Amino acid sequence: MGQFRDVQTFARAANEVCTIEELSGLLASAVREIGFEYYALGHHVNVVKGKLVQIGNYPEAWMATVRAREYISDDPVLMACQTSVAGFRWSAVPTLLSLSKRQEQILLEASRAGLGDGFTVPVHIPGECAGSCSFAVRAGALLSDAPLPAAQYIGCFAFEAARRLVRSPAGGMRARERVVTPALTSRQLDCVVLVARGKSDGDAAQLLGISAETVHQHIEAAKRRFGVATRTQLVVRTLFDNQLAFQDVIRR
Amino acid sequence: MAPGAFGSIISPAKAGYLIVVHIVDAANRPLFYPELDRMHCDRARTFGGSDRCKSHGADVIPDIDSFDAADTIYLLESDRRTRRHLASIRLLPTTRPHMLTTVYAHLCEAAVPRDADIWEVSRCCVSPDVPLQDQSRLRTQLRIAIAEFGVFQGIRHYISVTPIHLLPELMASGWDAKPLGLPQMIAGASVGALLFTPTSRALREARDRLACQMSVLEFSAGRAT
């Protein structure tokens, strides 16, 4: 009951925080309550501006190393989030992706800098940058399974609170700037899938049983809806907005 | 490949890309027998054992449990032309037997909330035949339909056993969530019992996502509720 009460308390408080700094402090206390020392919450991007967030209390020396050596783009934990929708222990990362030498080095250096075992909750929201909330114990400390269920909920509620703050008017995004994802028609999506698979308008026309000119018009209409100039940008936007999945494009 | 064979199974509607969501209940159930049969098969392929999931259509043992009664309410999306089931969810009032109390009570730390204005959402299913690029849209439409049904029926909260990895997306869509207990591993997935409250933001954001400002629910003739 104790950890569930911690989760309830956190969820209520997270819903009411008014600033990222408040959320940061709340999260630092909550992770200690359930048995962790460190946390890092954020979108998986290098450039932080506007609607994105990155907060945490990892050891400063480690964060300086991450910045100096540009480890973010190779961080094995963040990369593992791309292959898992479920929360995972860091010890399971080698089972989720095959580690490069640089990634093995990153894990080793993180441990030397004081970060022990950890648990990460990936956050995948269609139409938005991927993100995560990670929790870690001190190097050398044992991470049991006991706090993981509570960590899953705290990660989810903390991420939603951060989203709410950075998307609120005070957080830099006015209501009128709300992003509305353009909707493509089913036929437009069919055409975009084939473009993404490298098909010409003629090939797509044959596969869909329509004329090449109609395929062209569908693609042009889709480009207009997204406000993009090229077919490459169109494919990237539809993948990013989750209107297409990589499985639609890449056949294994 | 035959011309058109690649095309989506969802026919693009003339007036946009919206599939209406039907409310199926005791009164109009006979109008939806083909869709409901396909729904139970799709549910078997989605929730059933791996062997059953490999089968298609009539080879599948339909997924029907004690909560699928003659008067159970479903929100159902179907292809009007082929009568094919595309996506659906089941709605059960918590004043009557429902899954969280009967099957998953161990997911709740305290008593399961039960009231006339609290309903359970279960068996959310998108047909495995629906192309991946269409699945997200159908789920979003179902979420709009659930919120609209709540407004229509005076439902304030929904309870549900939810895979935890879907929670960020649900909250981002404007559904306030309150956990009823800690998540547990069931059938290889981390799931939790949650109480959801649809907000006006939920409807607005879901509709923004689909560029649709009208109701997705279709009120068929002959419906009881």
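These figures come from a predicted structure and were not determined experimentally.

1. Examining the overall build of chain B
When its secondary structure is counted, chain B shows six helices and nine strands. Within chain B, buried positions represent 56% of all 225 residues. In chain B, once contacts between residues fewer than 6 apart in sequence are set aside, the share between residues at least 24 apart is 72%. Only carbon and sulfur atoms are counted for the fraction: they give 57% of the accessible area of chain B, which is about 9600 Å².

2. Focus on the side chain of A:Gln103
Tracing the backbone shows A:Gln103 in helix α6 (residues 101-112). The contact partners of A:Gln103, leaving out residues within four places of it in the chain, are A:Asp74, A:Pro76, A:Met79, A:Leu97 and A:Ser98.

3. Quick look at the packing of helix α8 (residues 186-196) of chain A against helix α9 (residues 201-208) of chain A
All names here are of chain A. Where α8 meets α9, the axes come as close as 10 Å, and the angle between the chain directions of the two elements is 130°. Regarding the angle of α8 to α9, the classification is oblique. Like other packed secondary-structure pairs, α8 and α9 cross with a definite hand, here right-handed. Judged by residue contacts, Arg187, Asp190, Cys191 and Leu194 of α8 engage Ala204, Leu207 and Leu208 from α9. Here the contact of α8 with α9 is composed, by residue class, of five nonpolar, no polar and two charged.

4. Some points on the sheet that holds strand β4 (residues 115-123) of chain A
Strands belonging to one sheet form pairs held by backbone hydrogen bonds; the direction of such a pair is parallel or antiparallel. Residues and elements named next belong to chain A. Strands sit in the order β2-β1-β5-β4-β3 across an open sheet of five strands; the sheet is antiparallel. Looking at the sheet topology across the chains shown, the edges are occupied by β2 (54-56) and β3 (88-89). Both strand β1 (residues 38-43) and strand β5 (residues 131-138) contribute to a ladder of six bridges, which runs antiparallel. Among the inter-strand pairings, Ala40 is bridged to a residue of β5, identified as Ser134. Relative to the sheet, helix α7 (residues 148-167) contacts β1, β3, β4 and β5, its axis offset from that of β4 by approximately 55°.

5. Structural notes on the pairing of β1(A)
Consecutive side chains of a regular strand alternate in pointing toward one face of the sheet and then the other. Residue and element names in this part refer to chain A. Burial analysis of β1 places five of its six residues in the buried class, the great majority of the element. Relative to β2, β1 runs antiparallel, the two sharing three bridges. Paired with Ala40 across the two strands is Gly56, which belongs to β2.

6. Structural notes on the packing of aromatic side chains
Using the criterion set out here, one finds five aromatic pairs over all chains in the structure. Ring centres of A:Trp62 and A:Tyr71 lie 6.0 Å apart, and the angle between their planes is 40°; this geometry places the pair in the tilted category. We note that A:Trp62, like A:Tyr71, is buried. Relative to B:Phe149, the ring of B:Trp119 lies with its centre 5.7 Å away and its plane at 70°, an arrangement referred to as edge-to-face. In this pair, B:Trp119 sits in strand β4 (residues 118-126) while B:Phe149 sits in helix α4 (residues 132-153), placing the two residues 30 residues apart along the sequence. Judged by relative accessible area, B:Trp119 falls into the buried class, the value being 9%. A cation over a ring is seen here: B:Arg123 above B:Phe47, with NZ or CZ 4.6 Å from the ring centre.

7. Observations concerning the environment of A:Cys191
Residue and element names in this part refer to chain A. Position of Cys191 among the secondary structure elements: in helix α8. For Cys191, a relative accessible area of 0% gives the class buried. Separated by 31 residues in sequence, Cys191 and Glu160 have C-alpha atoms that sit 34 Å apart. With near-sequence residues (within four places) excluded, Cys191 lies in contact with Leu208, Val215, His218 and Ile219.

8. Focus: the pattern of salt bridges
Under the criterion given, the structure shown has 23 salt bridges over all chains. A salt bridge links A:Asp201 to A:Arg231; the shortest N-O distance between them is 2.9 Å. Taken together, the positions of A:Asp201 in helix α9 and A:Arg231 in helix α11 (residues 231-240) put the pair 30 residues apart, joining distant regions of the chain. Residue A:Asp201 is classed as buried on the basis of its relative accessible area, which comes to 17%. Between B:Asp129 and B:Arg45 there is a salt bridge, and its shortest N-O distance comes to 3.0 Å. Here B:Arg45 lies in helix α1 (residues 33-47) and B:Asp129 lies in the loop between β4 and α4, a separation of 84 residues in the sequence. Counted as one network, the salt bridges with shared partners bring together B:Arg43, B:Asp63, B:Asp65, B:Asp68, B:Arg90 and B:Arg123.

Thresholds applied
- Residues numbered from 1 in each chain as written.
- Chains lettered and ligands numbered in written order.
- Predicted model: local features only at pLDDT ≥ 70, side-chain atom pairs only at ≥ 80, totals over all residues.
- Heavy atoms only, no water.
- Helix = DSSP H or I, 4+ residues; strand = E, 2+ residues; numbered from the N terminus.
- Buried < 20%, exposed > 50% of the residue type's maximum accessible area, 1.4 Å probe, protein only.
- Contact = heavy atoms within 4.5 Å.
- Areas by Shrake-Rupley, 256 points an atom, 1.4 Å probe, with all protein chains shown as cover.
- Axes fitted to C-alpha atoms, helices over the stretch in contact; angles between N-to-C directions.
- Parallel < 35°, antiparallel > 145°, perpendicular 65-115°, else oblique.
- Left-handed = near helix turned anticlockwise from the far one by under 90°.
- Nonpolar A, V, L, I, M, F, W, Y, C, P; charged D, E, K, R; others polar.
- Pairing = 2+ DSSP bridges.
- Phe/Tyr/Trp six-rings, centres within 6.5 Å; stacked < 30°, edge-to-face > 60°.
- Lys NZ or Arg CZ within 6 Å of the ring centre and 35° of its normal.
- Salt bridge = Lys/Arg side-chain N within 4 Å of Asp/Glu carboxyl O.

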